[in-house]
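# Observations on chain architecture
Letter by letter, the chains look like this.
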Amino acid sequence: MKTPIIIVNFKAYKEGTGRNAVKLAKICEKVAKKTKKNIAIAVEEVDIRNISSKVKIPVLSEHLDSIREGAHTGNNLAEAIKENGAWGTLLNHSENRLRIDQLEESIKRAREVGLKTVVCANNSEIAEAVAAFEPDMIAIEPPELIGGDISVSTAKPQVITDTIKKVKRIANIPVLCGAGIKSGADVKKAIKLGAKGILVASGIVKAKDPEKALTELADAL
Ligand code: G3P
């Protein structure tokens, strides 16, 4: 997995689902090409196939269930996510937290089918615990800053440095940070603190001009 990286989480925003998701994915790809930076996108499971057939940047599912093929109803199966063209999966986002045993199993299932894993943690202790499962990346996101206007790198720089320190004790896994990232200055601060990239949603998906907003972040990476 190449770093530094920006992962744009489309969430379930109107601007980031269905036809709008394709438009936004193309914008992200355009900015990745133009700035020559690593940009990936996390999209809803139902949009993976359509989006992956239209862009070449890495596509992650926003979630994956730990079930195996068989008699289960209403889950997101690892094999299906992979076959639909995803490159990886986001797991344990604050808006879709998993029990620790489910998380461990989901990471295993993703690995079995060849999907990369980016696991979110709401604090540095959880990040440390998650590191033992050796995901490909860990993203620290203080939940109270998600969707707000003050970035994690400004409001809680110590959370980033603590997380990096704690994760390092367990395994050599790149740590990203997210929540409230809106400007190039927010990205620069995050990188200076040791983050290997950022996770961003509203700052891009809800921006008046997503191309301009993402270009600013990418230029600062
Ligand atoms: O997954 C990224 C996300 O939770 C951060 O959201 O809107 O604060 O950029 P936002």
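What you are looking at is a predicted structure, and each value in this text was computed from that prediction instead of being measured.

### Digging into the pairing of strand E8 (residues 197-200)
- Along E8, one buried face is formed by Gly197 and Leu199 and the opposite face, lined by Ile198 and Val200, is buried too.
- Pairing of strand E1 (residues 5-9) with E8, which is carried by four bridges, proceeds in the parallel orientation. Bridge assignment links Ile6 to a residue of E8, and that residue is Ile198.
- With two bridges connecting them, strand E7 (residues 175-178) and E8 associate as parallel partners. The partner of Cys177 across the bridge, within E8, is Ile198.

### Quick word on the pattern of salt bridges
- Tallying each qualifying case throughout the model produces 15 salt bridges.
- Residue Glu15 pairs with Lys206 through a salt bridge whose shortest N-O separation is 3.4 Å. With a gap of 191 residues between them, Glu15 in the loop between E1 and helix H1 (18-35) and Lys206 in the loop between helix H9 (202-205) and helix H10 (210-220) connect regions that are remote in the sequence.
- Take Glu15: its relative accessible area is 30%, and that puts it in the partly exposed class.

### Quick word on the site of the ligand
- What surrounds the ligand is the set Asn9, Lys11, His93, Glu141, Ile146, Gly147, Ala179, Gly180, Leu199, Val200, Ala201 and Ser202.
- At 3.0 Å from an oxygen atom of the ligand is found a side-chain nitrogen or oxygen belonging to Lys11.
- Between the ligand and Glu141, the relevant distance is 2.9 Å, taken from an oxygen atom to a side-chain nitrogen or oxygen of the residue.
- Within the complex, 100% of the 310 Å² of free accessible area of the ligand lies under protein.
- A majority-of-atoms criterion places the ligand in the largest cavity.
- Residues that form the shell around the ligand fall into these classes: five nonpolar, five polar and two charged.

### Here we look at empty space enclosed by the protein
- Following the criterion strictly, the structure yields one cavity of 30 Å³ or more and no others.
- Lining the largest cavity are 16 residues, and of these Lys11, Ala179, Gly180, Val200 and Ala201 sit closest to its centre.
- Its residues assigned to classes, the lining of the largest cavity comprises seven nonpolar, six polar and three charged.

### Side note on the environment of Ala121
- Here Ala121 lies in strand E5 (residues 116-121).
- When the C-alpha positions of Ala121 and Thr163 are compared, they lie 9.4 Å apart, and in sequence the two are 42 residues distant.
- Discounting residues that sit within four places of it in the chain, Ala121 has contacts with Ile126, Ala127, Ala139, Ile140 and Glu141.

### Observations concerning the pairing of strand E6 (residues 137-140)
- With burial as the criterion, each face of E6 is covered, one bearing Met137 and Ala139 and the other bearing Ile138 and Ile140.
- As paired elements, E5 and E6 share four bridges and run parallel to each other. Opposite Val119, over in E6, you have Ile138 as the bridge partner.
- Summarising the sheet, E6 and E7 pair through three bridges and their orientation is parallel. The residue of E7 that forms the bridge with Ala139 is Leu176.

### A closer look at the environment of Lys108
- Mapping Lys108 onto the fold places it in helix H4 (residues 100-113).
- On the basis of relative accessibility, which here comes to 40%, the residue Lys108 falls in the partly exposed class.

### What about the sheet that holds E1?
- The strand order around the closed barrel built from eight strands is E1-E2-E3-E4-E5-E6-E7-E8, with neighbouring strands paired in parallel fashion. Strand-to-strand twist across the sheet, computed as the mean angle between neighbouring axes with direction ignored, equals 25°.
- With five bridges connecting them, E1 and strand E2 (residues 38-43) associate as parallel partners. By the bridge assignment for E2, Ile7 is matched with Ala40.
- Contacting E5 and E6, helix H5 (residues 124-131) crosses the sheet at an angle of about 170° to E6.

Basis of the calculations
For every chain, the first residue of the written sequence is number 1, and numbering continues from 1 onward in sequence order. Confidence filtering applies because this is a predicted model: local features only for residues at pLDDT of at least 70, side-chain atom pairs given and counted only at 80 or more, and all residues used for totals across whole chains, interfaces and linings. Side-chain descriptors were evaluated using all non-hydrogen atoms of the structure, hydrogens and water having been removed beforehand. Think of it in three bands: with a 1.4 Å probe and only protein chains considered, a residue is buried below 20% of the maximum accessible area for its type, exposed above 50%, and partly exposed in between. Numbering of helices and strands runs from the N terminus, with a helix taken as a DSSP run of H or I at least four residues long and a strand as a DSSP run of E at least two residues long. Paired strands, as defined in this entry, are two strands with at least two bridges between them according to DSSP. Whenever Lys or Arg places a side-chain nitrogen within 4 Å of a carboxyl oxygen from Asp or Glu, that contact is recorded as a salt bridge. Consider each residue's heavy atoms; a residue with any of them within 4 Å of a molecule or strand counts as near. Residues adjacent in sequence count toward polar contacts only when both atoms are side-chain atoms; beyond that, a polar contact is any pair of N or O atoms within 3.5 Å, and within protein one must be able to donate a hydrogen and the other to accept it. Per-residue accessibility takes into account occlusion by the displayed protein chains alone, with areas from the Shrake-Rupley method and a 1.4 Å probe. Computed over the protein atoms alone on a 1 Å grid, cavities are sets of points where a 1.4 Å probe fits but cannot get out and pockets are open sets with protein on both sides within 12 Å along at least five of seven lines; a residue lines them when it has an atom within 4 Å of a point. To be counted as sitting in a cavity or pocket, a molecule needs more than half of its atoms within 2 Å of that site's grid points. In this classification, the charged set is Asp, Glu, Lys and Arg, the nonpolar set is Ala, Val, Leu, Ile, Met, Phe, Trp, Tyr, Cys and Pro, and all remaining amino acids, among them Gly, are polar. Grid points are joined across faces, edges and corners, and a volume is the space filled by probe spheres set on the points. Any two residues whose heavy atoms approach within 4.5 Å at even a single point are treated as in contact. Orientation is described by lines fitted to C-alpha atoms, with helices fitted over the stretch in contact, and by angles between N-to-C directions that extend from 0 to 180 degrees.

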